[in-house]
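# A look at the structure
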Amino acid sequence: MKRLVLRTRPAALMLALCSLAGLPATAQTTAPEPTLSAALRDKTPMGKARLRYWGFDVYDASLWALPGFDARQFENQRFGLELAYLRDFKGADIAERSIDEMQGLATIEPAQATRWTQAMSSLFPDVRRGDRITGVHVPGSGARFYLNGKLLGEVADDAFSRLFFGIWLSPKTSQPRMRETLIQGLGGTPR
């Protein structure tokens, strides 16, 4: 069984969540940066796109990466993806929708889907219009999440991170026009 580690602040909360979920709490190789500006210190905005669903504006997505970012190999590069919410949502609903989208990209075993949904539900707060959740993909480590620039926590699972960010960057995304708009600022980079 692959290990999933959820890291939040404070450490006691992380240990409790791992214990409740039946997950091992392991030592972390690199501590997440406490602020988004530190996590994205050398990244620049590459593209922006708006998600509209059934005529409703949902969020604006912004991709932050180094020059030369290759969308075809996004899983091998560190980058940030910010969602600026345009309406209110419950954190549990964000987690459920995310796992649905991830399952559209790849087959996920039911037990794994449950663990990932629980991890996201533990991290993602209810958001109000104007809130920003930014995910930072750290290759080989997992995904770190920030709310309005402050660290929420981490899902230390590289497979989770690849599928989560694939929601927006994979050629198999359910929103191909949004993906194209998001990565159009990459210039001559093959898609």
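Small disclaimer: the values here were computed from a predicted structure and weren't measured.

Here the focus is the environment of Leu-63. Take Leu-63: it is sitting in strand S3 (residues 56-65). Sequence separation between Leu-63 and Leu-81 is 18 residues; the distance between their C-alpha atoms is 4.7 Å. What Leu-63 contacts, discounting residues up to four positions off in sequence, is Thr-44, Pro-45, Met-46, Gly-47, Phe-69, Phe-79, Gly-80, Leu-81, Leu-169, Leu-182 and Ile-183.

So, on to the nonpolar core. Across soluble globular proteins, you tend to see nonpolar side chains buried next to one another. Membership of the largest hydrophobic core comes to 45 residues, with the highest contact counts inside it found for Phe-69, Met-102, Phe-145, Phe-164 and Trp-168. Those residues in contact with Phe-164 that lie beyond four places of it in its chain are Ser-98, Met-102, Met-120, Phe-124 and Phe-145. Listed in part, the seven residues of the second largest apolar core include Leu-36, Leu-40, Val-138 and Tyr-146.

This part is about the confidence of the model for the protein chain. Per-residue pLDDT for the protein chain averages 85, and the proportion of residues at 70 or more is 82%. Here residues 8-28 is modelled with pLDDT under 50, and outside its nearest four sequence neighbours on either side it reaches 31 contacts, counting other chains as well.

So, on to the packing of aromatic side chains. Going through the model one piece at a time under the given rule, you end up with 14 aromatic pairs. Residues Phe-79 and Phe-165 carry aromatic rings whose centres are separated by 5.1 Å and whose planes lie at 75° to one another, so their mutual orientation is edge-to-face. Note that Phe-79 is positioned in strand S4 (residues 79-85) and Phe-165 in helix H5 (residues 158-169), a separation of 86 residues in sequence. With respect to burial, Phe-79 and Phe-165 carry one shared label: buried. A ring pair is formed by Phe-164 and Phe-165, whose centres lie 5.2 Å apart and whose planes are at 90°; its orientation type is edge-to-face. Three or more aromatic residues joined by ring pairs make a cluster, and in this case those are Phe-69, Phe-74, Phe-79, Trp-116, Phe-124, Phe-145, Phe-160, Phe-164, Phe-165 and Trp-168.

In this section: a negative patch on the surface. A surface patch of like charges, here negative, comprises Asp-93, Glu-96, Asp-100 and Asp-126. Looking at the element boundaries, Glu-96 is found in helix H3 (residues 91-105).

A large share of strand S5 (residues 132-138) lies buried, amounting to six of its seven residues. Two strands pair when backbone bridges link them, and S4 and S5 are joined in this way by six bridges, in the antiparallel orientation. The residue bridging Phe-79 from the neighbouring strand is His-137, located in S5. The pairing of S5 with strand S6 (residues 142-147) spans six bridges and is classified as antiparallel. Across the sheet, the residue bridging to His-137 is Ala-143, located in S6. If you look at the hairpin formed by S5 and S6, you'll find three residues sitting between the two strands, and Gly-140 has a positive phi there, around 80°.

Calculation criteria
Residues numbered from 1 in each chain as written. Predicted model: local features only at pLDDT ≥ 70, side-chain atom pairs only at ≥ 80, totals over all residues. Heavy atoms only, no water. Helix = DSSP H or I, 4+ residues; strand = E, 2+ residues; numbered from the N terminus. Contact = heavy atoms within 4.5 Å. Core = buried A, V, L, I, M, F, W, Y, C linked by side-chain atoms within 4.5 Å. Buried < 20%, exposed > 50% of the residue type's maximum accessible area, 1.4 Å probe, protein only. pLDDT = per-residue confidence, 0-100. Phe/Tyr/Trp six-rings, centres within 6.5 Å; stacked < 30°, edge-to-face > 60°. Patch = residues over 30% accessible without salt bridge, like charges linked within 9 Å, V, L, I, M, F, W, Y side chains within 5 Å. Areas by Shrake-Rupley, 256 points an atom, 1.4 Å probe, with all protein chains shown as cover. Salt bridge = Lys/Arg side-chain N within 4 Å of Asp/Glu carboxyl O. Lys, Arg positive; Asp, Glu negative; His and termini not counted. Charge placed at Lys NZ, Arg CZ, Asp CG, Glu CD. Pairing = 2+ DSSP bridges.

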